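What follows is each chain in one-letter form.
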Amino acid sequence: MTSVFNPRNKIIANLDSVLPLLRGKNPSPVLIEVDPSNACNHGCYFCISSYIHLPESKDLETFDRSVMKRDMLMKLCESFVKMGVKAVNWTGGGEPTINPHLKEAIAYLGQHGVKMGMFTNGTLLDKHDLFETLVDNMSWVRFSIDAGTEKTYNSVRRSRPNQDWNKMMSNLKRLISLNKEKGNKIDIGVGFVITPDTYGEIIDYANTFKELDVKYCQLKPEIVNIEREDGVQRNVEFWEKVQPVIEQAKQILGDKFAINEYKLEDLKNDPDFFGRVYKKCLGSQIQPCVGADGHVYVCPNLRGYKQYSYGSLKDSTFEDIWNNVQFREKIMYNIEEVECFSNCTQLCKPHESNKMIWEVRENLDNEAYMNGLVKQFESSDIEHKEFI
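Because the structure is predicted, anything quoted here is derived from the model rather than measured. (Residues numbered from 1 in each chain as written. Predicted model: local features only at pLDDT ≥ 70, side-chain atom pairs only at ≥ 80, totals over all residues. Heavy atoms only, no water.)

## Let's talk about the overall build of the protein
Link 1 in the chain: The number of helices and strands found in the protein is 15 helices and ten strands.
Link 2 in the chain: In summary, the protein has a C-alpha radius of gyration of 20 Å against a globular reference of 21 Å for 388 residues, a match within 12%.
Link 3 in the chain: Its C-alpha atoms give the protein principal-axis dimensions of roughly 50 × 45 × 45 Å.
Link 4 in the chain: The buried share among the 388 residues of the protein stands at 60%.
Link 5 in the chain: Restricting to contacts in the protein with at least 6 residues of sequence separation, those with at least 24 account for 76%.
Link 6 in the chain: For the protein, the exposed surface amounts to about 16100 Å²; the carbon and sulfur share of it is 46%.
Link 7 in the chain: Each charge class in the protein can be summarised by its mean position, and for the 48 positive and 55 negative side chains these summaries are 3 Å apart. (Helix = DSSP H or I, 4+ residues; strand = E, 2+ residues; numbered from the N terminus. Rg over C-alpha atoms; globule rule 2.2 N^0.38 Å. Buried < 20%, exposed > 50% of the residue type's maximum accessible area, 1.4 Å probe, protein only. Contact = heavy atoms within 4.5 Å. Areas by Shrake-Rupley, 256 points an atom, 1.4 Å probe, with all protein chains shown as cover. Lys, Arg positive; Asp, Glu negative; His and termini not counted. Charge placed at Lys NZ, Arg CZ, Asp CG, Glu CD.)

## Here we look at unusual backbone geometry
Link 1 in the chain: Omega for the peptide link from Gly92 to Gly93 comes to 25°, which places this bond in the cis form.
Link 2 in the chain: Inspection of the secondary structure puts Gly93 in the loop between strand 2 (87-90) and helix 5 (102-111).
Link 3 in the chain: Of note in this structure, Asp129 is not a glycine but carries a positive phi near 50°.
Link 4 in the chain: Secondary-structure assignment places Asp129 in the loop between strand 3 (115-120) and helix 6 (131-137).
Link 5 in the chain: Among the residues examined, Asp129 registers a relative accessible area of 43% and is labelled partly exposed.
Link 6 in the chain: The phi angle at Asn162 is positive, at roughly 70°, despite the residue not being glycine.

## Some remarks on helix 5
Each α-helix winds once per 3.6 residues, and so residues spaced three or four apart point in a common direction.
Link 1 in the chain: Leu102, Ala105, Ile106, Tyr108 and Leu109 are the residues of helix 5 that are buried. On an axial view of helix 5, the arc spanned by its buried residues comes to 165°, and they lie on one face.
Link 2 in the chain: Residues of helix 5 that are buried in the fold lie against helix 4 (70-83), strand 2, strand 3 and helix 6. (Arc of directions from axis to C-beta.)

## Remarks on helix 9 (residues 202-209)
Link 1 in the chain: Buried within helix 9 are the following residues: Ile202, Ile203, Tyr205, Ala206 and Phe209. The buried residues of helix 9 all sit within an arc of 160° when viewed along its axis, so they share a single face.
Link 2 in the chain: Against helix 8 (165-181), strand 5 (187-194), strand 6 (216-221) and helix 10 (236-253) lie the buried residues of helix 9.

## Re the packing of helix 10 against helix 11 (residues 261-269)
Link 1 in the chain: Where helix 10 contacts helix 11, the two axes come as close as 9 Å, and the packing angle between them is 140°. Judged by the inter-axis angle, helix 10 sits oblique to helix 11. Along this stretch, helix 10 crosses helix 11, giving a crossing that reads as left-handed. Residues Val236, Trp239, Gln243 and Ile246 of helix 10 pack against Leu264, Leu267 and Lys268 of helix 11.
Link 2 in the chain: Partitioning the contact of helix 10 with helix 11 into residue classes produces five nonpolar, one polar and one charged. (Axes fitted to C-alpha atoms, helices over the stretch in contact; angles between N-to-C directions. Parallel < 35°, antiparallel > 145°, perpendicular 65-115°, else oblique. Left-handed = near helix turned anticlockwise from the far one by under 90°. Nonpolar A, V, L, I, M, F, W, Y, C, P; charged D, E, K, R; others polar.)

## Considering the pattern of salt bridges
Link 1 in the chain: Applying the stated rule across the entire model yields 27 salt bridges.
Link 2 in the chain: Salt-bridge contacts for Asp16 lead to Lys86; the nearest nitrogen and oxygen are separated by 3.1 Å. Note that Asp16 is positioned in helix 2 (residues 15-22) and Lys86 in the loop between helix 4 and strand 2, a separation of 70 residues in sequence.
Link 3 in the chain: A residue is classified by how much of its surface remains accessible, and Asp16, at 53% relative accessible area, is exposed.
Link 4 in the chain: Here Asp136 and Lys182 are joined by a salt bridge, their closest N and O atoms 3.2 Å apart. Of this pair, Asp136 sits in helix 6 while Lys182 is found in the loop between helix 8 and strand 5, placing the two residues 46 residues apart along the sequence. (Salt bridge = Lys/Arg side-chain N within 4 Å of Asp/Glu carboxyl O.)

## Thoughts on the nonpolar core
Link 1 in the chain: One finds Trp90, Ile194, Phe209, Leu219 and Phe318 to be the most contacted residues of the largest nonpolar core, which totals 107 residues.
Link 2 in the chain: Of all hydrophobic cores here, the second largest spans nine residues; its members include Phe119, Trp140, Ala258 and Phe387. (Core = buried A, V, L, I, M, F, W, Y, C linked by side-chain atoms within 4.5 Å.)

## Quick word on the state of the cysteines
Link 1 in the chain: As enumerated under the stated definition, the model contains zero disulfides in all.
Link 2 in the chain: Lacking any disulfide linkage, Cys44 is separated from the closest cysteine sulfur, that of Cys40, by 6.4 Å.
Link 3 in the chain: In this model Cys344 remains outside any disulfide bridge; the closest cysteine sulfur is found in Cys348, 6.3 Å from its own. (Disulfide = S-S within 2.5 Å.)

## Some remarks on the sheet that holds strand 8 (residues 289-290)
Link 1 in the chain: Taken together, ten strands build an open sheet; the order of strands is 7-6-5-4-3-2-1-8-9-10 and the sheet is mixed. Each of the sheet's edge strands pairs with one partner strand only, and the pair in question is strand 7 (257-259) and strand 10 (309-312).
Link 2 in the chain: Here two bridges tie strand 8 to strand 9 (residues 295-297), and the two strands are oriented antiparallel to one another. Residue pairing for strand 9: Val290 is matched across the bridge by Val296.
Link 3 in the chain: Contacting strand 2 and strand 3, helix 5 crosses the sheet at an angle of about 165° to strand 2.
Link 4 in the chain: Sheet strands in contact with helix 9 are strand 5 and strand 6, and its direction is about 170° off that of strand 5. (Pairing = 2+ DSSP bridges.)

Okay, structure coming up:
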């Protein structure tokens, strides 16, 4: 099983940023989630950002299908290089490859040694001829699949003609082929969000993608955002029903099998609090999000909500926004002390890293504990450690 998905160990691997944060400093982010586009050519109802771009969300104040303009995008990248940001995830928001300037931004960051990954549905890679740029500059690319058959894929993703299952498979195979030609420079993976409408195709998914030369086939639980179904997560009974199917997929996929097990454990073992034992969202302070609207948000799960914006790139540089610690602390005080996380999505992006950083915070003066962390890091096999 791949070791790509282990936020706990990745926090340990980035103690050079975590410890200064816990000691009152303002380190540059380790990882920044960047949305080049809020528009998407698919319409997955279970998308964590559904409240931003799905047609049925057009009456919400968060609805915004903007695409980041070139000048803003390139100035943002310049700030990342200047600040020594370790890694960037191109994500959404919407579908990142809709932005016609993404290719230039990727090449620029690649030239300056910033590591990058990308979540994509993969159906537009040919439109902007991204294949070589991705293989030459990225650490990894993950295609969002979320189905095991053409019929279900086209249905649940509400894909457009020529941007459907067949296009996705064609582009995925083309990327794999080019990557092989260039010596397997990047890791290519596929992902599947487990929902009541899709879990029945987990086996089909495993059988289909085990035959392709991908690094891993990820399974992850659907996380319901607060704008949909009141943010109520699937119950324990559902996950108990899914578990045997996951075990079958594990047998089929072997070393390619990957799962966000920590999220499933919180869903099944703590249906009331989902493992939220921490009192501060410290993980977000090393992995913020920049929205396609130009706002710098606390985290990807709060993108689009202006009350959780540290500032806009229309008014300031990313560096200046990040260095305004007093204003950032004001935003975080509201989340942690006033709202007590009540407006936060359960099992959010920084959730697992929050648990680990909180544990470190509680043991800062425990020499044996801290020495143990160092030994744990030295003995662990951590892939893509910057991508928390």
